[in-house]
Amino acid sequence: MKIVASKRLLALWSLTLLSCSGNQPPESTVQESMWEIPNLQERGMLLLVEDRRQFDPFAVETTRQADPELRVELAETLGRVGDSRGFSTLEELLGDSEARVRRSAAFGLGLLGDQRGESPLLRAVTDPDQATGTEAVASLAALETDLQKVIAVLQTLPPEETWPRLLPSLYRFAGESALAIARQGLELDQAVLRRMAAYALARDPVRATVPQLRQILQDADPWIRGWGARGLGQVGGSQDIGRLKPLLNDTTTPTVQALRAAKSLIQRGEVAPPEDWIPELLRLMDHSDPGVSTTAIEAASAWLLDETLAEALVGLVKSGSRRQQEVAFLALAEGGDSRGVALLQPLARDADPRWRALAATAAAELEMHSTVVALLQDPAKEVRLAAVTGIAKLEAGAAGSSIASALSDEDPAVRGRALEWAAEYPEISVEQLEKALAGPPRQPVELYLNGTAALLARALNEPLERGEIVRILEELASRADYPIRVQAGIALEELGRPRPAPGPASVRRTAATYREMIRRSARPRFVEISTLRGVAKLELDCPLAPLTCLNFLQLVNQGFYDGLELHRVVPDFVVQGGDPRGDGWGGPGYTIRDEINASSFGEGVIGMALAGPDTGGSQFFITLSPQPHLDASFTAFGRVIEGFDVLLQLEQGARIERMREVPGRR
């Protein structure tokens with residue numbers, strides 16, 4: 001159906017949506033010309049379909065033969081909606097005359113997850129457009145297709161076409177075939193292809209890859225050297241700690257990964273702590289790069305029969321930066337040093353709840369059971385959260401009585417952590433589990449997701465309570481929050497009950513609102529993050545993820561982020577912020593859906609932090625190095641374009657002084 005012929009239908013469709021909505025009439029800004037952006041009406045319709053997570057035959061028929069940009073958006077929408085009724089259209093778009101449409105269709109089939117997609121995707125592997133073939137391989141990996149089938153198809157292409165299509169997603173395939181391909185990929189001349197081969201070897205390494213992991217420690221690419229070190233930390237042996245030592249004088253990624261790998265080798269019992277590392281650890285603990293310094297302090301716990309290192313850690317507890325103090329204290333505790341015990345009791349009584357929370361974590365490391373249990377009664381919620389986490393680690397399956405008390409805690413995060421334990425050890429009665437889920441309607445989504453998992457585990461473990469648990473799950477399956485409804489439905493299906501349709505993900509916006517969202521997200525927009533270390537500038541790819549972008553900008557312009565801590569900083573991985581609680585459990589009081597896209601998580605990419613599918617809100621992260629395993633799992637919606645070095649200087653606990661949208665050209 002041509003767009004010109006469907007204008008009347010589109011108008012009727014819009015009026016219908018408006019009449020079904022409980023929203024107030026849109027603001028005057030919505031009434032601006034709807035035709036200044038091409039296909040504004042149709043694009044708004046696709047955004048609405050995607051937002052509701054409901055297949056719409058009218059929207060499909062209206063856009064499937066429209067211009068290429070609309071067909072691209074249709075393919076992405078069908079993948080994100082996840083309804084198998086979209087399969088035939090995606091298969092059709094995979095044969096489109098435009099390469100960018102075929103590329104999006106290949107990506108969409110991977111998101112859809114319908115096993116019928118295997119055959120058309122195998123055909124698309126050899127598409128004349130290399131990027132389409134690359135997306136097809138990635139989607140076949142998502143469908144868990146046998147790699148041998150993919151290789152058989154790729155063998156019809158010349159090597160210069162085969163490698164770029166196969167290697168980017170090779171790490172997603174398991175088995176010896178993938179390892180054999182990765183070994184061959186290490187011999188290629190192109191650095192970017194060799195990097196992909198190295199990642200495939202190092203992401204989930206096995207003993208058989210140790211020779212190649214040792215080999216790539218010498219590579220010219222620092223990320224490859226870092227991945228080699230990471231892999232050896234998991235599967236290497238006693239000889240490898242000597243091979244890692246030269247990386248201590250390398251750039252950030254190899255140094256950080258070598259420190260973590262050495263600690264892992266020692267803790268796994270592969271090698272005794274080597275004395276010749278001690279001067280290097282002392283040097284790196286004072287490194288100007290906070291990521292290197294923090295990682296060296298953490299690694300020192302594996303050497304804690306050494307007096308010099310222990311004294312250095314005690315000195316940092318007394319006079320280091322706040323983050324150095326915290327990490328040094330935990331290193332003493334993890335290493336079992338007596339000075340950690342001596343420091344712990346005063347900290348457990350400190351006026352600052354952050355120190356008491358740290359004492360709870362350390363007490364669990366030192367197996368000081370009575371201290372952890374006492375801190376479960378602390379007046380500060382962050383201390384109780386640390387204590388219940390410590391109890392779960394310290395007592396494992398024997399923590400039932402302590403966990404039961406935490407399930408009645410007034411703080412939803414404490415109850416949520418207790419429910420996480422209950423999902424692993426289903427000893428808690430259905431009455432206690434239901435009580436833990438009670439409270440105000442706007443509680444963290446993790447509370448309900450953990451509660452759903454705990455209820456399912458209990459029903460499988462205690463048949464006499466199954467009927468009552470089914471009742472609770474059916475109530476959860478009717479909740480307003482879409483991700484909770486989905487997970488409750490999955491749990492009911494596992495218990496042999498009908499899986500209720502989750503219904504639309506969102507019914508609060510009108511058609512006019514969606515058109516306005518398209519207008520406001522038509523171009524990239526820019527945000528500055530101000531910190532004590534300086535300013536970083538972000539470019540938001542709003543056309544790629546309009547809902548995520550506009551939600552982020554709304555929070556920015558409300559001043560939501562001003563003064564919040566970066567509550568999670570993992571060197572050579574991510575910085576993460578946007579939590580008003582500061583412990584990973586906070587958000588804006590609502591959730592937004594995912595906008596998974598084909599953008600790759602390279603260095604400096606901005607993504608939405610999640611507790612599960614469609615649970616985004618205010619928390620975001622920025623990658624400090626390439627993280628391919630995050631691709632197609634989290635919403636990427638921008639990148640750092642200035643001040644990336646500022647992010648590298650930030651420690652966990654650093655504050656966002658101010659975030660503001662700024663006008664913008666690069």
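Here, the structure is the one placed above.
Residues numbered from 1 in each chain as written. Predicted model: local features only at pLDDT ≥ 70, side-chain atom pairs only at ≥ 80, totals over all residues. Heavy atoms only, no water.

(A) View of the overall build of the protein. In terms of regular secondary structure, the protein is built from 33 helices and 8 strands. Relative to its length of 666 residues, the protein is compact, with a C-alpha radius of gyration of 26 Å against a globular reference of 26 Å. Considered along the principal axes of its C-alpha atoms, the protein spans approximately 80 × 60 × 55 Å. By residue count, 57% of the 666 residues in the protein fall in the buried class. The long-range fraction of contacts in the protein, counting pairs at least 24 apart against all pairs at least 6 apart in sequence, stands at 66%. Total accessible area on the protein is roughly 27,300 Å²; 50% of this is exposed by carbon and sulfur atoms. Mean positive and mean negative side-chain charge positions of the protein (71 and 90 charges, respectively) differ by 4 Å. (Helix = DSSP H or I, 4+ residues; strand = E, 2+ residues; numbered from the N terminus. Rg over C-alpha atoms; globule rule 2.2 N^0.38 Å. Buried < 20%, exposed > 50% of the residue type's maximum accessible area, 1.4 Å probe, protein only. Contact = heavy atoms within 4.5 Å. Areas by Shrake-Rupley, 256 points an atom, 1.4 Å probe, with all protein chains shown as cover. Lys, Arg positive; Asp, Glu negative; His and termini not counted. Charge placed at Lys NZ, Arg CZ, Asp CG, Glu CD.)

(B) Representation of unusual backbone geometry. For Glu144, which is not glycine, the phi torsion reads 60° and is therefore positive. Within the secondary structure, Glu144 sits in the loop between α8 (130-142) and α9 (147-154). We classify Glu144 as exposed; its relative accessible area is 72%. Positive phi values are uncommon outside glycine, yet Asp614 reaches one of about 60°. Secondary-structure assignment places Asp614 in the loop between β5 (605-608) and β6 (620-623).

(C) View of the pattern of salt bridges. Per the stated rule, a full pass over the model turns up 58 salt bridges. Of the charged contacts in the structure, one is a salt bridge between Arg123 and Glu91, with a shortest N-O distance of 3.6 Å. Taken as a pair, Arg123 in helix α7 (residues 118-124) and Glu91 in helix α5 (residues 87-93) lie far apart in primary sequence, 32 residues in all. Note that Asp240 and Arg214 form a salt bridge whose closest N and O atoms lie 2.6 Å from each other. Here the residue Asp240 occupies a position in helix α15 (residues 240-244), and Arg214 occupies one in helix α13 (residues 210-216), the gap between them amounting to 26 residues. By relative accessible area, Asp240 is classed as buried at 0%. Each of Arg322, Arg323, Glu326, Asp352, Arg354, Glu565 and Arg655 takes part in one network of salt bridges that share partners. (Salt bridge = Lys/Arg side-chain N within 4 Å of Asp/Glu carboxyl O.)

(D) Molecular detail of the nonpolar core. Val150, Leu170, Trp303, Leu313, Leu455 and Leu476 are the most contacted members of the largest nonpolar core, which totals 161 residues. Discounting residues that sit within four places of it in the chain, Val150 has contacts with Leu122, Val137, Leu140, Thr145, Leu166 and Phe173. Core analysis: the next-biggest nonpolar cluster, separate from the first, contains 40 residues, Val527, Ala545, Phe620 and Val640 among them. (Core = buried A, V, L, I, M, F, W, Y, C linked by side-chain atoms within 4.5 Å.)

(E) Geometry of the state of the cysteines. According to the stated counting rule, one finds 1 disulfide in the structure shown. Each sulfur in the disulfide pair Cys542 and Cys549 lies 2.0 Å from the other. (Disulfide = S-S within 2.5 Å.)

(F) Structural context of the environment of Thr513. Topologically, Thr513 is positioned in helix α31 (residues 511-520). Thr513 sits 55 residues away from Arg458 along the chain, and the two C-alpha atoms are 43 Å apart. Of note is the side chain of Thr513, whose polar atom sits 2.9 Å from the side chain of Thr510. (Polar contact = N/O pair within 3.5 Å; in protein donor to acceptor, adjacent residues only side chain to side chain.)

(G) Representation of helix α30 (residues 482-494). In this model, α30 (13 residues) spans 19 Å end to end at C-alpha, consistent with the 18 Å of a helix rising 1.5 Å per residue. If you check which residues of α30 are buried, you get Tyr482, Pro483, Ile484, Arg485, Ala488, Gly489, Ala491 and Leu492. Buried residues along α30 sit against α28 (445-461) and α29 (466-476). (Expected span 1.5 Å × (residues − 1).)

(H) Structural detail: the side chain of Glu651. Mapped onto the fold, Glu651 is located in the loop between α33 (644-648) and β8 (658-662). Within the buried set, Glu651 has no salt-bridge partner at all; the shortest N-O distance to an opposite charge, 5.4 Å, is to Arg533. A polar atom in the side chain of Glu651 sits 3.1 Å from the side chain of Ser321.

(I) Region of the structure containing α8. Its 13 residues place the ends of α8 19 Å apart at the C-alpha level, agreeing with the 18 Å of an ideal helix rising 1.5 Å per residue. Here α8 lies mainly inside the structure; 10 of its 13 residues are buried. Inspection of α8 places Thr132, Gly133, Thr134, Glu135, Ala136, Val137, Ala138, Ser139, Leu140 and Ala141 among the buried residues, and these make up the whole buried set. Contact partners of the buried residues in α8: α6 (99-112), α7, α9 and α10 (159-166). Just downstream of α8, Glu144 is the residue with a positive phi angle, here 60°.

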